[in-house]
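# Structural description and commentary
Listed below, chain by chain, are the residues.
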Amino acid sequence: MVSDETKRLVDAMPREDLVNEINRANRSRFQGDSYAYLKTRLAVLDEEAERQHQEKHIEVAEEGNRIAVDANVLAGEANAIAREASATAKKAYWISGASLVAALLALLVQCTGKS
């Protein structure tokens, strides 16, 4: 059985010290059940770090998805604006063509009127 004092000592140790104690094996100041508790504590810390890493990974992925959704909305809006601009350019093309025809007719009328 592991004493409360040993548990407090092990629980307060940084990960690096836990690893060093485990690597010392038979020379560790923790032996028997205390050594097993030391190894268990390291495993718990590693699992917690992995869980936090996974949670962070999920948060980043969710944020990436939100950004992608926003980008798709903006792309849709940009596409709608581009369609409107294309329609306006098409109208301008036809109006300029009609203006050219009107200018040529006016020039023709002016030239025929001088004769």
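Quantities reported herein were computed from a predicted structural model and do not represent experimental measurements. The numbers attached to residues start from 1 for each chain and follow its sequence in the written order. Whole-chain, interface and lining totals are the exception, using all residues; otherwise, since this is a predicted model, local features are given only for residues with pLDDT of at least 70 and side-chain atom pairs are given and counted only at 80 or more. The basis for every side-chain value is the complete set of heavy atoms in the structure, and neither hydrogens nor water enter the calculation.

If you trace the backbone, valine 109 turns up in helix 3 (residues 33-114). With relative accessibility at 58%, the residue valine 109 sits in the exposed group. Separated by 48 residues in sequence, valine 109 and alanine 61 have C-alpha atoms that sit 71 Å apart. Numbering of helices and strands runs from the N terminus; a helix is a DSSP stretch of H or I covering at least four residues, while a strand is a stretch of E covering at least two. Classification of residues uses two cut-offs on accessible area relative to the type maximum, computed with a 1.4 Å probe and protein chains only: under 20% is buried, over 50% is exposed, and between them is partly exposed.

Another aspect to go through is the side chain of serine 28. Here serine 28 shows up in the loop between helix 2 (15-24) and helix 3. The term polar contact refers here to a pair of N or O atoms within 3.5 Å; inside protein, the definition further demands a hydrogen-donor-capable atom paired with an acceptor-capable atom, and it admits residues adjacent in sequence only when both atoms are side-chain atoms. Here the side chain of serine 28 touches glutamate 21 through a polar contact of 2.6 Å, side chain to side chain. Any two residues whose heavy atoms approach within 4.5 Å at even a single point are treated as in contact. For serine 28, the contacting residues outside a window of four places in its chain are Glu21, Tyr35 and Leu38.

Below, the discussion takes up the pattern of salt bridges. Put simply, a salt bridge is a Lys or Arg side-chain nitrogen that is within 4 Å of an Asp or Glu carboxyl oxygen. With the rule as written, the count across this model stands at seven salt bridges. Its salt-bridge partner being glutamate 21, residue arginine 24 comes within 3.3 Å of it at the nearest N-O pair. Placement of both arginine 24 and glutamate 21 in helix 2 is noted, with a separation of three residues, approximately one turn of the helix. For arginine 24, a relative accessible area of 36% gives the class partly exposed. Its relative accessible area of 7% is what places glutamate 21 among the buried residues. One salt bridge in this structure joins glutamate 63 and arginine 66, with 2.8 Å as the shortest N-O distance. With a gap of three residues between them, glutamate 63 and arginine 66 both fall in helix 3, about one helical turn apart. Residue classification places arginine 66 among the partly exposed positions, given a relative accessible area of 45%. By sharing partners, the salt bridges in this structure join Glu21, Arg24 and Arg29 into a single network.

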